[in-house]
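# Reading the structure
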Amino acid sequence: MSFTWVPFYEEAASCLVAWEQRQPELISFLERLRQDGLPVTRLQDRDASGANVPLREIDPFTFFGAFNRQIRQARRLAIIAEVKELLTIGSEIPSDFAGIPILDNMRSWFFSFASERKASDVPTLWRVFRLALAEAPLDNPAFAESFDAAVALKGVNVNLTMGLFWIRPKTFLNLDSTNRAYLGQELPRGGLTFATYRQIIAQVRTRFSSMVELSQAAWNKSNTPQSAGKPSPGAHGTALTRATVNHWLVGAFWDGSDPSDQTDRFRQEGIWENGYSDKYLDEVRNMAVGDRIAIKSAFVLKANLPFDARGRSVSCMDVKAVGTVVKNRGDGRVVEVEWDDTPPPGRWYFYTNQKTIWRLRPDEEYARRLIDFAFHGVPQDYAWFVQRWESLEDPAASTRLPGQGRDAHPPRPYGLDDLIADGVFVPKDDLARALERLKSKKNLILQGPPGVGKTFVARRLAYALMQEEDPSRVEMVAFHPSYAYEDFVRGFRPAVGQAGSFELRDGIFFSFCRRAEADPDRDYVFIVDEINRGNLAAIFGDLLILIEADKRGQEFSVPLVYRQQDEDRFHVPKNVYLIGMMNLADRSLAMVDYALRRRFAFLTLRPAYGSESFRTWLTDRRMNDDLVSRIVARMAALNRQIADNPQLGEHYQLGHSFFCPRGQDFSGLDEAWFRDIVETEVAPLLEEYWFDDRKRAEAAREALLAP
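Residues numbered from 1 in each chain as written. Predicted model: local features only at pLDDT ≥ 70, side-chain atom pairs only at ≥ 80, totals over all residues. Heavy atoms only, no water.

Moving on, we get to the packing of aromatic side chains. As enumerated under the stated definition, the model contains 55 aromatic pairs in all. Between Tyr-483 and Phe-488, the ring centres sit 6.4 Å apart and the planes meet at 65°, which makes this aromatic pair edge-to-face. On the basis of relative accessibility, which here comes to 12%, the residue Tyr-483 falls in the buried class. A relative accessible area of 0% means that Phe-488 is categorised as buried. Measuring from centroid to centroid gives 5.4 Å for Tyr-652 and Tyr-689, while their planes differ by 85°, and the two rings are edge-to-face. Linking Tyr-652 in the loop between helix 24 (625-644) and helix 25 (671-689) with Tyr-689 in helix 25, this pair joins segments that are 37 residues apart in sequence. (Phe/Tyr/Trp six-rings, centres within 6.5 Å; stacked < 30°, edge-to-face > 60°. Buried < 20%, exposed > 50% of the residue type's maximum accessible area, 1.4 Å probe, protein only. Helix = DSSP H or I, 4+ residues; strand = E, 2+ residues; numbered from the N terminus.)

So this is what it looks like as structure tokens:
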């Protein structure tokens, strides 16, 4: 191996050092290459408002990174040819790039955005670059100081060692993940310093005479089939190797952000960031340099599973990015991460967790298998997990295995397919849209005529949102004309056992919000039946603003009308969702207040007699086909009559829930059951509809009961 790149890179570094005061020219040069169609590094900075602004400064390592990224060799050579001309480099263009580490295209800067960058950051990188080219830098106290100053910058960590290797490959050691795996070398737990870096180099030199050949050997080993997807054996372990590494699974969903999935941003910026300013701070501070970290997203699936789940929904988790913690900023919010450039392992089943931060315990068998899958590429053994699921006392009750640190017997996973299977006769696309609107708007109203199953749908939409059937996180009330703010939020109520005395008592919604706030990783759903029966402005009061999707969180907190002494201001947590229900056929109800209406999304439920899913649901439960046909035909005819009546209309049609009995076996239901439903439930409602036309109501009843 000739390593023809070495003399070119060394000379390029020597030439580049003179350009520190000519950074705008370097940026203009890269911009010209971009306009010529060559894939160079990002040239847009980001200011404190989040807006893209032109890049005004650049460090030498980032400039080198322009031709050391994941790009095609032909384009790489084209960029190098342009660099040769710009810097007037005498060395020949390389004919090979053996052993050169390259940057992740999503993270090719050595400095942070302008919104976080200090004025001294880029000069600090130029200084360490300049001193690295001096004689015997590893013995130079000035270089040692500049190294430590550089790795203290936001966005600079082990990537500095890659940059140093580019410019002096015979002196410096690259400590990227490929080399560390080959050497069996863990990063120092307290973070990389010049002292530990120099010590590692000294230890490595006792076994390798050439850093370049070491780098090539490490690359070769990482690309052999037998080593792919397996943990490093640590054959070349050193005294700095740490026996135990923590493994963290973390979330990247930021409610209210655009986009809500922050995975791409985290990879681009080389970080993972805690989305809470007041939660999980200690957990983040406990993430040590060298710990492994992966971004996960939990959800529920029922179809297209790689194993037989016997028709049940299964908890799933996509592992979307895997990396190594290379710096902890100590603020409880941000850790810098060296994200792997290999594809993530993909989808995992059964043993999942919705918490934002999940530290896996290697002493647990389930966790060990998840660690092997997420961090070492070992495929999940579906048969092993299915066998243990089937060994549970009631395997049909849950397809999430115990042991995730929350419940001994977790709730059953629940998704859109479960809504339909349970008897929600709404097209799946409409349900998916309603669920998405509930997630984004946080407030949804189900409206429709009587008997369309609004209460039934509301509770199951809540389960689908939560991705599990957990009634403990669902609360329900019914509004009425006498319902007040004091019942809903807080107010004075007669003291128990103290005649003539009153006490300040929390309302049901206030208490519900406090419960949700203490459990921020899980969603909570508050259901209001007959939401338009109450005086909504009076009931919600100052909460009218707080329930808006973009007004959630502590920054929008307000003092309550009735306050306890020294009490914090109140806010509605982001993980609280509201579902209201409205009966469109009730003449006694006023229109929903427009101020409240705009804060809700709406889903109209309609009778499902014409739905094939309704007929299938009945026949699957062994209802007689003739009885099913009678229900469908006669109720559909009645609803057409109601819809065509100018005094009624489609809002007064009768829903399908009149004929949705409980249980799983309807084979015993017959004509007498149908007659009972008509006589005791449907006919009285028709008499109310046509209170001034008894003959029409009677004719409709007779049509339903005709032989």
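Read from one edge to the other, the open sheet built from 5 strands follows the order 11-14-15-10-16, with strand pairing classed as parallel. Of all the strands in the sheet, the pair left with one neighbour each is strand 11 (474-478) and strand 16 (601-604). With direction set aside, neighbouring strand axes in the sheet form an average angle of 20°. When strand 14 (residues 524-529) meets strand 15 (residues 576-583), the two strands line up parallel, connected through 5 bridges. Paired with Val-528 across the bridge in strand 15 is Gly-580. The strands that helix 17 (residues 454-466) touches are strand 10 (443-448), strand 11, strand 14 and strand 15; relative to strand 15, the one it contacts most, it runs at about 165°. (Pairing = 2+ DSSP bridges. Axes fitted to C-alpha atoms, helices over the stretch in contact; angles between N-to-C directions. Contact = heavy atoms within 4.5 Å.)

Moving on, we get to the environment of Val-300. Along the chain, Val-300 turns up in strand 5 (residues 292-301). The buried category is assigned to Val-300, whose relative accessible area is 14%. Here the alpha-carbon distance between Val-300 and Val-314, two residues 14 residues apart in the chain, equals 5.6 Å. Every residue in contact with Val-300, bar those within four places of it in the chain, is listed here: Ser-313, Val-314, Pro-413, Tyr-414, Gly-415 and Gln-467.

Before going further, it helps to examine the packing of helix 13 (residues 365-376) against helix 14 (residues 382-390). Closest axis-to-axis distance for the helix 13/helix 14 pair is 12 Å, and the angle between their directions is 155°. The orientation of helix 13 relative to helix 14 falls into the category roughly antiparallel. Crossing of helix 13 against helix 14: the hand is left-handed. Contacts between helix 13 and helix 14 involve Glu-365, Tyr-366 and Arg-369 on the former and, on the latter, Trp-384, Phe-385 and Arg-388. Here the residues of the contact of helix 13 with helix 14 are counted per class, giving 3 nonpolar, no polar and 3 charged. (Parallel < 35°, antiparallel > 145°, perpendicular 65-115°, else oblique. Left-handed = near helix turned anticlockwise from the far one by under 90°. Nonpolar A, V, L, I, M, F, W, Y, C, P; charged D, E, K, R; others polar.)

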